[in-house]
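Remarks on the overall topology
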Amino acid sequence: MIYLDNASTTKMFDECAEIHKEFSCNQFFNPSALSGGALQVSKLIADAEKYVLSRLGASEGNILFTGCATESNNLAIRGSLRSGNWEYVFSAGEHPSVFNLAKKLEQEDFVVHFVPLAKNGQVDLECLSNVLNERTRLISIMHVSNETGVINDLQKISALKKTKCPRAILHVDGVQGFLKIPFALRDTAIDLYSFSGHKFHAPKGIAGLYVKNKGGLKELFEGGGQQFGLRSGTENVSGIMQMRKAIELIDEKANFERTKEIKRLFNETLLSAGARTFGEGVSVEKCILINDYCGSPYIETLIFQGVKGETMLHALDAVGVVVGLGSACSSKKAGNRVLEEIGLEKETIVSSARISFNAYMSNDEVITGAQIISKVFQDILQRVS
Ligand code: PLP
């Protein structure tokens, strides 16, 4: 199998499986209990928290360990709501775990603003600037788009927050950014940052939320008061330790450079194998261009002019190449809100598929994947024309 759907989820590191066994079968204590073993486990969680903070480049704050980034995003946003004359600002390109929640808040009569995306896929900073004011309570903008791979400029967004609404809380959904795009929280004005283990080779079911000031957040549910009372429930000790291990194994700067090389090799192979067939109308070149302009090397959108992305996905699956169709959480729904938002035509969107890499792929895998995609596309085109 050649797996090109890493934005959806990644293969877990083997090392995590060993940790799972250790913390499920040997050190399986409840960290809130009082035995020596429990205290030891509780200390290991505190160490893991410190380690994650250091890898986020944070000079203050805490980590709340959650079950998934959907939960982290809900906790960040719902936990920041306050009664009164406040406004809540979201980008129109957010993942459903933020976007659908923002829509719900609108129905619940909160004042919600959606800031459009610019044509390059980033949040439109001029529109953002116009919408921010002293009543802004929360700004929630993603780090890297799970659909297009476009990276938002966190420093410019931070600067806008500082000048236009210094009291506001800045939440960033960092699921496609953490350990992929080198950056440090201390260089930004981010208050809350969500991430998810299964996007970086840790298991599913463990994620986190960075919280700069825990006094500013409210819990989503009542319980035993674990994790500063903000996320009650027995901690997923094995998950936390496995996520720590995965983070330790990742060198984000080296991986960033390697993935840039993978993307370059992939696109070069793809274009040399079938450039013109991809290249008509709104072309794959144009999509690659969007991605290269301000994009993550881990993600790109391909347009298979004349063939449905879904048809490509199934045809490729049948020959062992796995690609995606945008957000796995919404891929069963028609259309693609984010690609529409950046101005792609409906027919173009229907022909799109998402390719996403990991840094550990071999050159052979990358080249073979691109060649198979090109061949399958041309075969289908011939059949339909
Ligand atoms: N945010 C972004 C940008 C994502 O890409 C995803 C998953 O695709 C999520 C949030 C949700 O993550 P999880 O699967 O951990 O709930």
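Residues numbered from 1 in each chain as written. Predicted model: local features only at pLDDT ≥ 70, side-chain atom pairs only at ≥ 80, totals over all residues. Heavy atoms only, no water.

1. Describing the overall build of the protein chain
Along the protein chain, the regular secondary structure elements total 13 helices and 11 strands. For 385 residues, the compact-globule formula gives about 21 Å, and the C-alpha radius of gyration of the protein chain, at 21 Å, lands near that figure. C-alpha atoms of the protein chain, sized along the principal axes, occupy 70 × 50 × 35 Å. Every one of the 385 residues in the protein chain was classed for burial, and the buried ones make up 56%. Long-range contacts, defined here as pairs at least 24 residues apart, represent 74% of the contacts in the protein chain between residues at least 6 apart. On the protein chain, roughly 16400 Å² of surface is accessible, and the fraction owed to carbon and sulfur atoms is 52%. Taking the average place of the 42 positive charges on the side chains of the protein chain and the average place of its 44 negative ones, the gap between the two points comes to 3 Å. (Helix = DSSP H or I, 4+ residues; strand = E, 2+ residues; numbered from the N terminus. Rg over C-alpha atoms; globule rule 2.2 N^0.38 Å. Buried < 20%, exposed > 50% of the residue type's maximum accessible area, 1.4 Å probe, protein only. Contact = heavy atoms within 4.5 Å. Areas by Shrake-Rupley, 256 points an atom, 1.4 Å probe, with all protein chains shown as cover. Lys, Arg positive; Asp, Glu negative; His and termini not counted. Charge placed at Lys NZ, Arg CZ, Asp CG, Glu CD.)

2. Concerning the domain arrangement of the protein chain
The parts lose accessible area when they come together, and the size of an interface is often stated as this lost area. On domain assignment, one finds that the protein chain holds domain 1 (2-9 + 251-384) and domain 2 (14-249). Averaged C-alpha coordinates put domain 1 and domain 2 at centres separated by 28 Å. Each side of the interface is counted separately: domain 1 has 31 residues, and domain 2 has 32 residues. Here domain 1 meets domain 2 over a buried area of about 2700 Å², counting both sides, of which 54% is carbon and sulfur. Contact with domain 2 buries area across many residues of domain 1, yet Glu252, Arg337 and Glu341 alone supply 22% of it, more than any other trio. (Domains from an automatic or database assignment. Buried area = accessible area lost by both parts, 1.4 Å probe.)

3. Some details on the nonpolar core
Among the nonpolar cores identified, the biggest contains 54 residues, and Leu56, Phe65, Leu128, Ile139, Tyr193, Phe195 and Phe200 are the most heavily contacted of them. Ranked by residue count, the leading element in this core is helix H2 (residues 36-55), at 7 residues. Two domains share this core, each providing at least three of its residues, namely domain 1 (2-9 + 251-384) and domain 2 (14-249). Every residue in contact with Phe200, bar those within four places of it in the chain, is listed here: Thr10, Phe13, Phe178, Leu179, Phe195, Met243, Ala246, Ile247 and Ile250. In this structure, Leu316, Phe357, Met361 and Phe377 belong to the second largest nonpolar core, which totals 24 residues. (Core = buried A, V, L, I, M, F, W, Y, C linked by side-chain atoms within 4.5 Å.)

4. Here we look at helix H4 (residues 96-107)
When the terminal C-alpha atoms of H4 are compared, their 16 Å separation across 12 residues agrees well with the 16 Å that a helix rising 1.5 Å per residue should span. Within the span of H4, buried status applies to Pro96, Ser97, Val98, Phe99, Leu101, Ala102 and Leu105. At its buried positions, H4 is contacted by helix H3 (69-78), strand E3 (87-91), strand E4 (111-115), strand E5 (136-140), strand E6 (169-173) and helix H11 (337-341). Phi turns positive one or two residues past the end of H4, at Asp109, with a value near 75°. (Expected span 1.5 Å × (residues − 1).)

5. Quick notes on the pattern of salt bridges
For the coordinates displayed, the defined rule picks out 17 salt bridges. For Glu106, the salt bridge goes to Lys103, with nearest N and O atoms at 3.9 Å. Taken together, the residues span about one helical turn, with Glu106 and Lys103 both in helix H4 at a distance of 3 residues. Between Lys375 and Asp379 there is a salt bridge whose closest N-O contact spans 2.9 Å. Within this pair, Lys375 and its partner Asp379 are both found in helix H13 (residues 363-384), separated by 4 residues, close to a single helical turn. The partly exposed category is assigned to Asp379, whose relative accessible area is 31%. One continuous salt-bridge network, built from bridges that share partners, spans Glu87, Glu134 and Arg135. (Salt bridge = Lys/Arg side-chain N within 4 Å of Asp/Glu carboxyl O.)

6. Description of the environment of Gly177
Secondary-structure assignment places Gly177 in the loop between E6 and strand E7 (192-196). Along the primary structure Gly177 and Leu270 are separated by 93 residues, whereas in three dimensions their C-alpha atoms are 25 Å apart. Each residue touching Gly177, except ones within four places of it in the same chain, is listed here: His143, Val144 and Tyr193.

7. Examining the site of the ligand
With respect to spatial proximity, 14 residues lie near the ligand, and among them Thr70, Asp173, Gln176, Ser196 and Lys199 are the closest. Contact between the ligand and Ala69: an oxygen atom at 2.8 Å from a main-chain N or O atom of the residue. Gln176 places a polar side-chain atom, nitrogen or oxygen, 2.8 Å from an oxygen atom of the ligand. Notes on the ligand: free accessible area 390 Å², of which the protein chains cover 93%. A per-element tally of the shell around the ligand places H3 first, with 3 residues. (Near = heavy atom within 4 Å. Polar contact = N/O pair within 3.5 Å; in protein donor to acceptor, adjacent residues only side chain to side chain.)

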